[in-house]
Amino acid sequence: MTMADKERKQLNRFVKRTLLACLPLLAIVVTYIAIDPFNVIWGFNPMDKVAEKSEPFNRSRLAVEAYLNHRDSVDYNAFLFGSSRTIYYSVDEWKHHLPDDAVCFHFDAAWETLEGMLDKMDLIKEKGDRIKYAILEFHADQFADTAHAEIPYRQDFRLRHSENVFAYHFRHFMSALNTDFLKVYIPYLFTGKMEDTEENKVFESPMRGYDPVKNEIDYRNFDDEIDTDSTAYFNRYSRHYQKAAVDSVVPRMSDERIALLREMRRRLNADSTDYRVILGPSFYRHVNNSTDVALLRRIFGVKRVYDFQHLGVESQSNFYDNIHYRYFIADSIMTMVYGK
Amino acid sequence: MAFNSIIYALFLPVVFLLYWYVFARRLRIQNVFLLIASYVFYACWDWRFLALIIFTTLSTFFTAKLAARGQLRLWTGINIVVNLAILFVFKYFNFFAESFAQMMSAVGWEVDAVTLNVVLPVGISFYTFQALGYSIDVARRQIKPSSDIVSFATFIAFFPQLVAGPIERASSLLPQIEHERRFDYTEAVLGMRQILWGVVKKVAVADVCAVYVDRIFSQPDMYAAEFGASTLVLGAVLFAFQIYGDFSGYSDIAIGSARLLGIRLRQNFRYPYFSRSVTDFWGRWHISLTSWFRDYVYIPLGGNRRGVGRTYFNIFVVFLLSGLWHGANFTFIAWGAMWGVAYVVERMIFGKVTYTDEPRLRNIMSMIGIFIVAVIGFAIFRSPSISFFGHYASLCASSSLCAIPSGLTAMAYVVPFLVVEWLGRRNSFSIERLPMPAWVRYLFYTFLLMVVLFANSKPETFIYFQF
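Thresholds, definitions, all that
Residues numbered from 1 in each chain as written. Chains lettered and ligands numbered in written order. Predicted model: local features only at pLDDT ≥ 70, side-chain atom pairs only at ≥ 80, totals over all residues. Helix = DSSP H or I, 4+ residues; strand = E, 2+ residues; numbered from the N terminus. Contact = placed C-beta atoms within 7 Å. Rg over C-alpha atoms; globule rule 2.2 N^0.38 Å. Buried ≥ 20, exposed ≤ 12 C-beta atoms within 10 Å, placed from the backbone. Expected span 1.5 Å × (residues − 1). Domains from an automatic or database assignment. Nonpolar A, V, L, I, M, F, W, Y, C, P; charged D, E, K, R; others polar. Core = buried A, V, L, I, M, F, W, Y, C linked by C-beta atoms within 7 Å. Axes fitted to C-alpha atoms, helices over the stretch in contact; angles between N-to-C directions. Parallel < 35°, antiparallel > 145°, perpendicular 65-115°, else oblique. Left-handed = near helix turned anticlockwise from the far one by under 90°. Pairing = 2+ DSSP bridges. Right-handed = clockwise from strand over helix to strand, strands pointing away.

Engineer: Any chance you could break down the overall build of chain A for me, citing the residues and the numbers?
Structural biologist: A tally of regular secondary structure across chain A gives 12 helices and nine strands. Of the contacts formed within chain A by residues at least 6 apart in sequence, a portion of 78% connects residues at least 24 apart.

Engineer: A description of the overall build of chain B should follow, citing residues and the corresponding values.
Structural biologist: Regarding its fold elements, chain B presents 19 helices and zero strands. In summary, chain B has a C-alpha radius of gyration of 23 Å against a globular reference of 23 Å for 467 residues, a match within 12%. On the principal axes, the C-alpha backbone points of chain B span a range of 70 × 65 × 45 Å. Across the 467 residues of chain B, 46% fall into the buried class. Expressed as a percentage of contacts within chain B between residues at least 6 apart in sequence, the contacts between residues at least 24 apart total 75%.

Engineer: Requested: an account of helix 4 (residues 59-70) of chain A, with residues and values cited.
Structural biologist: Residue and element names in this part refer to chain A. The end-to-end C-alpha distance of helix 4, which contains 12 residues, comes to 17 Å, matching closely the 16 Å that a straight helix rising 1.5 Å per residue would cover. Burial within helix 4 is extensive, with nine of its 12 residues counted as buried. Here helix 4 has its buried residues at R59, S60, R61, L62, A63, V64, E65, A66 and Y67.

Engineer: Describe the domain arrangement of chain B, and please don't skip the residues or the numbers.
Structural biologist: All names here are of chain B. Annotation of chain B at the domain level lists domain 1 (6-183) and domain 2 (186-276 + 355-466). Computed from C-alpha coordinates alone, the two centres of domain 1 and domain 2 are separated by 28 Å. Looking at the side of domain 1 that touches domain 2, the elements with two or more residues in it are helix 1 (6-22), helix 7 (159-162) and helix 8 (170-178). Ranked by residues supplied to the side of domain 1 that touches domain 2, first place goes to helix 1 with three residues. Looking at the side of domain 1 that touches domain 2 residue by residue, the class counts come to 10 nonpolar, four polar and three charged.

Engineer: Please give an account of the interface of chain A and chain B that cites residues and values.
Structural biologist: Opposite the 27 residues of chain A that make contact, chain B presents 27 residues. A total of eight residues in the side of chain A that touches chain B trace back to one element, the largest contributor, which is helix 1 (residues 3-21) of chain A. Class assignment of the residues belonging to the side of chain A that touches chain B gives a composition of 17 nonpolar, seven polar and three charged.

Engineer: Would you mind going over the environment of W94 of chain A in detail, with residue names and values included?
Structural biologist: Along the chain, W94 of chain A turns up in helix 5 (residues 91-96). With 11 residues separating them along the chain, W94 of chain A and F105 of chain A place their C-alpha atoms 10 Å apart.

Engineer: Can you explain helix 13 (residues 287-298) of chain B? Please cite residues and give values.
Structural biologist: Every buried residue of helix 13 of chain B is listed here: I287, S288, L289, T290, W292 and Y298 of chain B. In this structure, the buried residues of helix 13 of chain B make contact with helix 5 (124-139), helix 12 (278-282) and helix 14 (308-326) of chain B.

Engineer: Give me the lowdown on the nonpolar core, citing residues and values where you can.
Structural biologist: Judged by nonpolar contacts, the single largest core of 128 residues is most densely connected at A157, V205, C209, L238, F239 and A240 of chain B. Residue contributions to this core reach at least three from each of two domains, namely domain 1 (6-183) and domain 2 (186-276 + 355-466) of chain B. Setting aside residues no more than four positions away along its own chain, C209 of chain B makes contact with L238, F239, F241, Q242, G245, A410 and V414 of chain B. Counting 53 residues, the second largest nonpolar core, distinct from the first, contains F81, I87, A134 and I278 of chain A.

Engineer: Break down the packing of helix 9 (residues 185-218) of chain B against helix 19 (residues 438-453) of chain B for me, with residues and values.
Structural biologist: All names here are of chain B. Between helix 9 and helix 19, the shortest axis-to-axis distance is 9 Å and the interhelical angle comes to 30°. The angle between helix 9 and helix 19 falls in the class roughly parallel. Viewed along their axes, helix 9 and helix 19 form a crossing whose handedness is left-handed. Residues L196, V199, V200, V203 and A204 of helix 9 form the contact with helix 19, whose own contacting residues are Y445, L448, V451 and V452. When the residues that make up the contact of helix 9 with helix 19 are grouped by side-chain class, the tally is nine nonpolar, no polar and no charged.

Engineer: Go over the sheet that holds strand 7 (residues 274-279) of chain A, please, and point to the residues and values.
Structural biologist: All names here are of chain A. Here we have five strands laid out as an open sheet, ordered 2-1-3-7-9, and parallel in their pairing. The two strands at the open ends of the sheet, each matched to only one other strand, are strand 2 (104-108) and strand 9 (305-307). When strand polarity is set aside, the average angle formed by the axes of neighbouring strands in this sheet is 15°. In this sheet, strand 9 lies alongside strand 7 in parallel orientation, the contact comprising three bridges. Directly across from V277, in strand 9, lies its bridge partner V305.

Engineer: A description of unusual backbone geometry should follow, citing residues and the corresponding values.
Structural biologist: The phi dihedral of N215 of chain A is positive, around 55°, even though this residue is not glycine. You can see N215 of chain A is positioned in the loop between strand 4 (209-211) and strand 5 (216-218). With 27 C-beta atoms packed within 10 Å, N215 of chain A lands in the buried category. Of note in this structure, R25 of chain B is not a glycine but carries a positive phi near 70°. Mapped onto the elements, R25 of chain B comes out in the loop between helix 1 and helix 2 (27-46).

Engineer: Residue-level account of the environment of G303 of chain B, with values.
Structural biologist: All names here are of chain B. Here G303 lies in the loop between helix 13 and helix 14. Along the primary structure G303 and F313 are separated by 10 residues, whereas in three dimensions their C-alpha atoms are 9.4 Å apart. When neighbours within four sequence positions are excluded, G303 is seen to be in contact with Y298 and N314.

Engineer: I'd like a rundown of the environment of G77 of chain B, residues and numbers included.
Structural biologist: Within the secondary structure, G77 of chain B sits in helix 4 (residues 72-106). Distance from G77 of chain B to S135 of chain B, taken between C-alpha atoms, is 8.9 Å for residues 58 residues apart in sequence.

Engineer: Explain the pairing of strand 1 (residues 78-82) of chain A residue by residue, including any values.
Structural biologist: Residue and element names in this part refer to chain A. Along strand 1, five of the five residues are buried, which leaves the element largely enclosed by surrounding structure. Here strand 1 shows no split at all, with A78, L80 and G82 on one side and F79 and F81 on the other all buried. Examined bridge by bridge, strand 1 and strand 2 share five bridges and lie parallel to one another. When the bridges of strand 2 are listed, F79 appears paired with F105. The parallel pair strand 1 and strand 2, bridged by helix 5, forms a crossover whose chirality is right-handed. With four bridges joining them, strand 1 and strand 3 (residues 133-138) adopt parallel strand pairing. Each residue of the ladder has a partner; that of A78, found in strand 3, is Y133.

Engineer: So, the pairing of strand 3 of chain A: which residues are in play, and what are the values?
Structural biologist: Residue and element names in this part refer to chain A. In terms of residue burial, strand 3 counts as a mostly covered element, since six of its six residues are buried. Residues Y133, I135 and E137 point to one face of strand 3 and A134, L136 and F138 to the other, with burial holding for every one of them. Where strand 3 meets strand 7, six bridges bridge the pair, whose relative direction is parallel. In the sheet register, F138 faces strand 7, and the bridge partner there is L279.

Structure representation (structure tokens):
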């Protein structure tokens, strides 16, 4: 046997043993592909999930599917961009403030990122639609680079801004292995029922209704609960309320975030969009620092940026939890923003 | 392309298979392939900055050749000035321009700072220092200038250590590239094992700690008010483990990847948190940078040959420069200065405290002492500004240290990691030797793999990429 043959034999042995060591990983990958918990490989109809009256954990995808399913028959031109907080902005209420030609659509996502918002604007442009009217609702934490540190398995459905396809699937794969996610997802997989516990951050809470054309979720069941027995509601979600005596100012946003905001402005200006930028309140008082607020005003224009970060923060009755303010707060914000 | 990305998980096996199955025993072609792979690796960040690497490569290669023919100091000097100028423009210009404007403003002169809208090229400090080391070694006639541009370009751009070290010496890496490599089964197995351990450090230690560190450092007031100073202290401790897991994990992956290709890189970390003195710490932390500064700055400054006072001054200057090397921020300079003072004070009191043996449990008090100094240093390092650190430190002093801190969960990863590090401290990396039956070893690999997969961490960029 020559030296080269000997070396080749060793090489083959090494490759075989490495593959053997990787078998457990392979088994996990195969299981993930077969189950596809985030529905990013095999596809699914999100409306099936909605029929169960429980929002799927991939609300961003739900929004995208709803938009794609209806845009041929509905000429959307008014879009609400933002996180789950925009759910409480009633489209009908918004329409009162807009000209008659406005056709509104909720284009939000749970834990929406700036990249996710830009992705959605990209999609609208790609489909040849115009953003004539828009609301951009921001939460202070959205400007932090660590925005998703709390719930790492919350994922954007669409490819993130400038993310390649491998990274996209790798991100979902790693999220599916998150033990907090598995704790909730595995029981769901076997029972088909979601657990609406305080610890559950996989599924959204049960909703009262869903309008697929506007992509509007109706959570007024929370209002009903609070109206009926507010103490019971606040006790049930007590861990979701962190009373803060003073503001928690989030650090200055990075250049990367600023570039994304500038890109948003460019897109909206290209469409001559009539838009408003809203900085909404949060009960736990996470607020932007004044430099960033000034920067936002410089980017989007003083007349377009509305700072409501301190609106109603003194009372938990204005909030469903730490960050979601109630329908009536959203209504009053829209009234103030549009000056009617 | 980051080591903790899926792209690298695909890239490395492809390079490995082509390297050994297709190009083995054809040195020239194998080196060309390695160079292309390295450039592809770097281009995945920003292909435009490849021009900088190529420029550094060509200027260093040709000035070294010219220097060897005569006018040694002139050509070496030109290359050093040119490369440092590039580094300065990309890394420090804005910092110095803004600092100058602020300084002028403080004395009543309003100056508009001219700043450049440039992005910092990944790894520029690492490959620039490697190239400068080569130039100086040639000038000192410690090595002969390379005559093969492909080998030399591969030496500068060798992908496992291109963006975050270890900073290699030409005398060690270049001959390995210039000579035919043979596949060595044992080396390859150790390489894989070191990669696995590096990934564990990065994903299950650094990234797990990062989740808590980011939260605590972003809202220290809130954490101090709600959980007490103990959480802030824990935040600083966790950052010490984050940066160690992050950087030494990167180094392990780099060394392991190179081993797979039949190339040995130098050890960059040697269990620094088991150090028993400041001197000992700096012999264990970022070894390749420390020794670079020793050989190319400290010794040319006179080292310890010009009296005690000058020795202390030289030590302090080296630490200050080492801090500045990390980036254009006063916190890095303060970090370097802090270590400089600690090093000098230790030397003044105890003389040069070095050890030839490995640490033992009876050294626990000195290890804890040095660890505390390291934690304070890294808290400065992690702070966005000096004033932030001052505020953070005052919060630590003003609220309760006895409360149960938030973020203790991370210790579930840190403590077992420390135990493994302690048990393996006689090896070049903790799990280098696994004297156990093959099936137990495979089970152990599977366990580590599961730890990585289920660590619940959020993939973070390697900290040292920014340097």
